[in-house]
Amino acid sequence: MAKIKLSNAEQVALYMQNLQHPMLGAIEELRKIIKDSHPDMEEIIAWNAPTYNYVGDMKPFDPKEYKRYIVGFNLFKKDCIRLIFLTGAKLTDPTNILEGDYKDGRRLILFNSMEEVKSKQQALQDLINEWINLVES
């Protein structure tokens, strides 16, 4: 019997259905915030967690630059939620919510509570839209 491939939405739904994390409510809120940030976003499972792709038109680029990937969850720690911007070093980040100084350009945003999710919401959405403006230009 042929194995049926799940759609991206079905893969995410299955992942979330099976996710056991103490900050599940904050994760769901972050998913909503990210998805509402821009209409050209697609939620997929990549790197073992929900990740957000830009699906709008872009000029050709080297796939190793990961330009389509905006931000992804890292949920291995149970005491916080980490969002990873693969190319976060290119962002201006006027509110200084991005952390880390990784040589490959990654930057993180850490959330330790629902209150932090709410307080960093606008800065997170601004970073996503800045990233999209960079890759569209």
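Heads up: these notes are all about the structure in this document. Bear in mind that the values here come from a model prediction, so they are computed numbers and not experimental data.

Basis of the calculations
- Residues numbered from 1 in each chain as written.
- Predicted model: local features only at pLDDT ≥ 70, side-chain atom pairs only at ≥ 80, totals over all residues.
- Heavy atoms only, no water.
- Helix = DSSP H or I, 4+ residues; strand = E, 2+ residues; numbered from the N terminus.
- Buried < 20%, exposed > 50% of the residue type's maximum accessible area, 1.4 Å probe, protein only.
- Pairing = 2+ DSSP bridges.
- Core = buried A, V, L, I, M, F, W, Y, C linked by side-chain atoms within 4.5 Å.
- Contact = heavy atoms within 4.5 Å.
- 1 Å grid on protein atoms, 1.4 Å probe; cavity = no way out; pocket = protein on both sides within 12 Å on 5 of 7 lines; lining within 4 Å.
- Points joined across faces, edges and corners; volume = space filled by probe spheres on them.
- Nonpolar A, V, L, I, M, F, W, Y, C, P; charged D, E, K, R; others polar.
- Salt bridge = Lys/Arg side-chain N within 4 Å of Asp/Glu carboxyl O.

1. Concerning unusual backbone geometry
Here is step 1: Phi is positive for Asn-48, which is not a glycine, with a value near 65 degrees.
Here is step 2: Note that Asn-48 resides in the loop between β1 (41-46) and β2 (49-54).
Here is step 3: In this structure Asn-48 comes out as exposed when scored by relative accessible area, which is 58%.
Here is step 4: The backbone of Asp-93 shows a phi angle near 50 degrees, a positive value even though the residue is not glycine.
Here is step 5: For Asp-93, the location among the structural elements is in the loop between β4 (81-85) and β5 (107-111).
Here is step 6: Accessibility expressed as a relative area gives 8% for Asp-93, which makes it buried.

2. Thoughts on the pairing of β2
Here is step 1: With six of six residues buried, β2 is to be regarded as a mostly interior element.
Here is step 2: Counting the residues between successive antiparallel strands, the hairpin from β1 to β2 contains two residues, one of them, Trp-47, with a positive phi of roughly 55 degrees.
Here is step 3: Pairing between β2 and strand β3 (residues 69-74): three bridges, direction antiparallel. Within β3, the residue paired with Thr-51 across the bridge is Gly-72.

3. Things to note about the nonpolar core
Here is step 1: With 33 residues, the main nonpolar core has Phe-73, Phe-85 and Leu-124 as its most contacted residues.
Here is step 2: Counting residues per element, the ones that place at least two in this core are α1 (8-18), α2 (24-37), β2, β3, β4, β5 and α4 (121-136).
Here is step 3: The leading source of residues in this core is α4, at seven residues.
Here is step 4: With residues up to four places along the chain from it excluded, the contact list for Phe-73 reads Ile-27, Leu-30, Arg-31, Ile-34, Ala-49, Pro-50, Tyr-52, Ile-81, Arg-82 and Leu-83.

4. Here we look at the layout of surface pockets
Here is step 1: Of the volumes computed, that of the largest pocket is approximately 240 Å³.
Here is step 2: Every residue lining the largest pocket is counted, 19 residues in all, and those nearest its centre are Trp-47, Ala-49, Phe-73, Asn-74 and Ile-84.
Here is step 3: Of all the secondary-structure elements, those providing two or more residues to the lining of the largest pocket are β2 and β3.
Here is step 4: Residue composition of the lining of the largest pocket, by class: 13 nonpolar, four polar and two charged.

5. Observations concerning the pattern of salt bridges
Here is step 1: For the coordinates displayed, the defined rule picks out eight salt bridges.
Here is step 2: Between Lys-32 and Asp-36 there is a salt bridge; the shortest N-O distance is 2.8 Å. Placement of the pair is Lys-32 and Asp-36 together in helix α2, with a separation of four residues, close to one helical turn.
Here is step 3: The exposure class assigned to Lys-32 is partly exposed, which follows from its relative accessible area of 45%.
Here is step 4: Lys-35 is paired through a salt bridge with Glu-43; the nearest N and O atoms lie 3.5 Å apart.
Here is step 5: Judged by relative accessible area, which is 13%, Glu-43 ranks as buried.
Here is step 6: Among the ionic contacts, a cluster of salt bridges with common partners joins Glu-28, Arg-31, Lys-35 and Glu-43.

Nothing here speaks to function; it is geometry throughout.
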